[in-house]
Amino acid sequence: MAGAIASRMSFSSPPPQQPKTFTVRIATMDAEIPPPCEVKWKGKDLFDLVCRTLGLRETWFFGLQYTIKDTVAWLKMDKKVLDHDVPTEEPKTFHFLAKFYPEPPPQELVQEITQHLFFLQVGAQILDEKIYCPPEASVLLASYAVQAKYGDYDPNVHKRGFLAQEELLPKRVINLYQMTPEMWEERITAWYAEHRGRARDEAEMEYLKIAQDLEMYGVNYFAIRNKKGTELLLGVDALGLHIYDPDNRLTPKISFPWNEIRNISYSDKEFTIKPLDKKIDVFKFNSSKLRVNKLILQLCIGNHDLFMRRRKADSLEVQQMKAQAREEKARKQMERQRLAREKQMREEAERTRDELERRLMQLKEEATMANEALMRSEETADLLAEKAQITEEEAKLLAQKAAEAEQEMQRIKATAIRTEEEKRLMEQKVLEAEPPPLKMAEESERRAKEADQLKQDLQEARESERRAKQKLLEITSKSSYTQSMNSSTTALPTDLPSFNLISESLSPPPQDTDMKRLSMEIEKEKVEYMEKSKHLQEQLNELKTEIEALKLKERETALDILHNENASRGNSKHNTIKKV
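A quick note: this is a predicted structure, and the numbers were derived from the prediction, not measured.

1. Looking at the overall build of the protein
- Along its length, the protein carries 15 helices and 13 strands.
- Sorting the 580 residues of the protein into buried and exposed places 37% on the buried side.
- Taking the intrachain contacts of the protein between residues at least 6 apart in sequence as the baseline, contacts between residues at least 24 apart amount to 67%.
- Approximately 35,900 Å² of the protein is accessible, and the part contributed by carbon and sulfur atoms is 52%.

2. Describing the pattern of salt bridges
- Considering all chains together, one arrives at 21 salt bridges under this definition.
- Ionic pairing is found between Glu231 and Arg225, a salt bridge with its closest N-O pair at 3.1 Å.
- When the shortest N-O distance is used, the salt bridge between Glu335 and Arg338 registers 2.5 Å. With Glu335 and Arg338 both in helix α10 (residues 316–414), this residue pair falls three residues apart, about one helical turn.
- Judged by its relative accessible area of 31%, Glu335 is partly exposed.
- Relative accessible area serves as the criterion here: at 21%, Arg338 is assigned to the partly exposed category.
- When salt bridges with common partners are traced through the structure, they connect Glu103, Glu108, Arg310 and Arg311 into a single cluster.

3. Here's the deal with the side chain of Lys99
- Checked against the element boundaries, Lys99 lands in the loop between β6 (92–98) and α3 (105–108).
- Buried within the structure, Lys99 lacks any salt-bridge partner; its nearest side chain of opposite charge belongs to Asp78, at an N-O separation of 9.8 Å.
- Once you skip the residues sitting within four places of it in the chain, Lys99 turns out to touch Phe61, Phe62, Gly63, Trp74, Asn220, Gln298 and Leu299.

4. A few points about the environment of Asn566
- Here Asn566 is to be found in helix α14 (residues 558–569).
- On the basis of relative accessible area, Asn566 is assigned to the buried category, the value being 8%.

5. Here's the deal with the nonpolar core
- Ranked by internal contacts, the top residues of the largest apolar core, which has 99 residues, are Leu46, Phe62, Phe94, Phe96, Val122, Ile126 and Leu241.
- If you tally residues by element for this core, the top one is helix α5 (residues 135–150), at nine residues.
- Non-local contacts of Phe94, meaning those with residues more than four positions away in its chain, are made with Val24, Arg25, Ile26, Ala27, Leu46, Leu64, Gln65, Tyr66, Leu75, Val81 and Val86.

6. Observations regarding the environment of Ala203
- By the element assignment, Ala203 lies in helix α8 (residues 200–211).
- Expressed as a C-alpha distance, the spacing of Ala203 and Phe119, which sit 84 residues apart in the sequence, is 9.7 Å.
- Beyond its immediate chain neighbours, meaning those up to four positions away, Ala203 contacts Tyr144, Gln147 and Ala148.

7. Let's talk about the packing of aromatic side chains
- Evaluated as defined, the whole model comprises 18 aromatic pairs.
- With centroids separated by 5.4 Å and ring planes inclined at 50°, the aromatic side chains of Phe62 and Phe118 adopt a geometry described as tilted. Of this pair, Phe62 sits in strand β4 (residues 62–68) while Phe118 sits in helix α4 (residues 112–127), and the two are 56 residues apart along the sequence.
- A centroid spacing of 6.3 Å and a plane angle of 10° characterise the contact between Tyr266 and Phe271, whose relative ring orientation is stacked.
- Connected via pairs of aromatic rings, a cluster forms that spans Phe47, Trp60, Phe61, Phe62, Phe96, Tyr101, Phe118 and Tyr217.
- The lysine or arginine in question, Arg249, covers the ring of Tyr221, its NZ or CZ lying 4.9 Å from the ring centre.
- A cation sits over an aromatic face here: Arg309 above Trp60, 4.0 Å from the ring centre.

8. Some thoughts on the sheet that holds strand β7 (residues 220–226)
- Pairing is antiparallel in the open sheet, where seven strands are placed in the order β10-β9-β8-β7-β13-β12-β11. Unpaired on one side and paired on the other, β10 (254–257) and β11 (261–267) mark the two borders of the sheet. Each adjacent strand pair in this sheet contributes to an overall mean axis angle of 30°, direction not counted.
- Bridge count between β7 and strand β13 (residues 283–287): three bridges; the pairing is antiparallel. When the sheet's bridge partners are listed, Ile224 is paired in β13 with Ser287.
- Here helix α9 (residues 290–310) sits on the sheet and contacts β7, β8 (231–236), β9 (240–244), β11, β12 (270–275) and β13; the angle it forms with β11, its principal contact strand, is near 160°.

9. Re the UniProt feature "binding site: a 1,2-diacyl-sn-glycero-3-phospho-(1D-myo-inositol)" (unreviewed entry) in the protein
- The positions UniProt marks with the feature "binding site: a 1,2-diacyl-sn-glycero-3-phospho-(1D-myo-inositol)" (unreviewed entry) are Lys76, Met77, Asp78, Lys79 and Lys294.
- Residue position: Lys79 is located in the loop between β5 (71–74) and β6.
- Given the relative accessible area of 32%, Lys79 is considered partly exposed.
- When sequence neighbours within four positions are dropped, the list of residues in contact with Lys79 reads Lys42, Gly43 and His84.
- Looking at the secondary structure, you find Lys294 in helix α9.

10. As for the pairing of β11
- Pairing of β11 with β12, which is carried by six bridges, proceeds in the antiparallel orientation. Paired with Ile261 across the strands is Pro275, a residue of β12.
- Turn length for the β11-β12 hairpin, with the two strands adjacent in sequence and antiparallel, is two residues, and the turn residue Asp268 shows positive phi of about 60°.

11. Digging into helix α7 (residues 181–192)
- Between its first and last C-alpha atoms α7 spans 16 Å; for 12 residues at 1.5 Å apiece the expected length is 16 Å, and the two agree.
- Residues Trp184, Glu185, Arg187, Ile188, Thr189, Trp191 and Tyr192 constitute the buried set of α7.

12. Thoughts on α9
- The end-to-end C-alpha distance of α9, which contains 21 residues, comes to 31 Å, matching closely the 30 Å that a straight helix rising 1.5 Å per residue would cover.
- Along α9, the positions that sit buried rather than exposed are Val292, Asn293, Leu295, Ile296, Leu299, Cys300, Gly302, Asn303, Leu306, Phe307 and Arg310.

13. Structural notes on the confidence of the model for the protein
- Summing up the model confidence of the protein, the mean pLDDT is 80 and the portion of residues at 70 or higher is 79%.
- Predicted confidence for residues 1–11 stays below pLDDT 50, and this span has one contact to residues more than four positions away or in other chains.
- Below pLDDT 50 for its whole length, residues 479–514 participates in 40 contacts with residues either more than four positions away or in separate chains.

How each quantity is defined
Residues numbered from 1 in each chain as written. Predicted model: local features only at pLDDT ≥ 70, side-chain atom pairs only at ≥ 80, totals over all residues. Heavy atoms only, no water. Helix = DSSP H or I, 4+ residues; strand = E, 2+ residues; numbered from the N terminus. Buried < 20%, exposed > 50% of the residue type's maximum accessible area, 1.4 Å probe, protein only. Contact = heavy atoms within 4.5 Å. Areas by Shrake-Rupley, 256 points an atom, 1.4 Å probe, with all protein chains shown as cover. Salt bridge = Lys/Arg side-chain N within 4 Å of Asp/Glu carboxyl O. Lys, Arg positive; Asp, Glu negative; His and termini not counted. Core = buried A, V, L, I, M, F, W, Y, C linked by side-chain atoms within 4.5 Å. Phe/Tyr/Trp six-rings, centres within 6.5 Å; stacked < 30°, edge-to-face > 60°. Lys NZ or Arg CZ within 6 Å of the ring centre and 35° of its normal. Pairing = 2+ DSSP bridges. Axes fitted to C-alpha atoms, helices over the stretch in contact; angles between N-to-C directions. UniProt positions renumbered as here; feature names shortened; annotations may be inferred. Expected span 1.5 Å × (residues − 1). pLDDT = per-residue confidence, 0-100.

Right, dumping it as structure tokens:
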């Protein structure tokens, strides 16, 4: 019995427990992502989720940054998110930012999304004056930012004042010159018009090429003290470690390239840099907090790893990414060329259509004028015909009266008057009666001539009407021909040549196993870049000379003065580091 009852009982499994979660907010440079985050997740789990959401594969440049006690920190990949010193309140905010910078952006950045994120971050740092940028370079960078946002310059669309609401220049640059916003916009637009034909990714890459030569690009600064207690700044970037005066963040006093550093370590607040050359003294300094030393060490390890990675052959993943990027770039180039051809043909068709429409309007006006002239001719002919008819009737009436007068005269003449008095009276009467018929005959003759003249005018008017009708028929036939030509010409051709990108034709290059060939390619790209930089420098010098007269010298900052001194000596970011 108990077995039967047990057989009828159903044992359902308990529902699976939902994992415990907490709310986070990930802020990128242009959006916010509110992903669900499980309590057990490590930093890598959250970081990978954000990268997948963005479609980012070049993950080694980025990290999740948060702020704790006025100090920035980065989420560790192998540590649970909640085990970090993150604020207790929710949502917990992290900033998805570039932690490490590429040494040459054109050679290292492969994905378009990677370029875009660096473009946004570097642009924000320049506007916030975390990266010093001279005025003339600021204008050039602003023109590339406008090209990336608005596309090709079109004077019919981008009219005066279209940049009024855009933040394109650092406030320091705006305050340094006696120039109105309209004057700045005019100079930015002048360079913006020269960038025609560049796609968004190309404009953003040109922006990064110029920004990478700025002295403070990619440098993380930390306040330190040496063994004597002197306040200094430590700069960590893709090239190495640099020591600066606190008042001069542009020119380092000492530099330690990554390939000349043997060891980096810290103990509590003391940080030690051991050069590769044992003859060089060990450099030690103290930072304000232990947390700062940990951050410095993180940045040193990450930048050193990337420094060594750049000097090796690309991994298989990077090779595949570069091959895909080349194919995508070629496909986009072909697509842009096809669109440019279609646009050109469309513009030509529109110009032809406008010309035909103008010609058609002209012919319509001529036809209207001819029609009006014809109507006037018809009205004139009708008036002349009516007048001729009236004149003809008057002439008939006068002729009839003249005939009646003639009959009366004949009757009077035929009447025999016997007496002389009667004869005399008759003669007198005849004499009196004779002049009116003569006058009537003359009037009749004049009216007849006038009727003949009117008939002649009527014939000429009808001939003029016939010629006007013939001209109207000719114009109408031309108009219909033009309309047919218009309808056949303005239609865009539908059988445009199409170009299909064949992936087989874009075979990836052989693997970069030969380091010598890789270095030669890099050197070639550097030579090409230097040639472009020469032309760019000429443009910058021209703009600098143009606006120099409007500068307010008393508003120059310490960095402006230092930059001008470096420029007058011919010092740049890279040769300064080589010197020190």
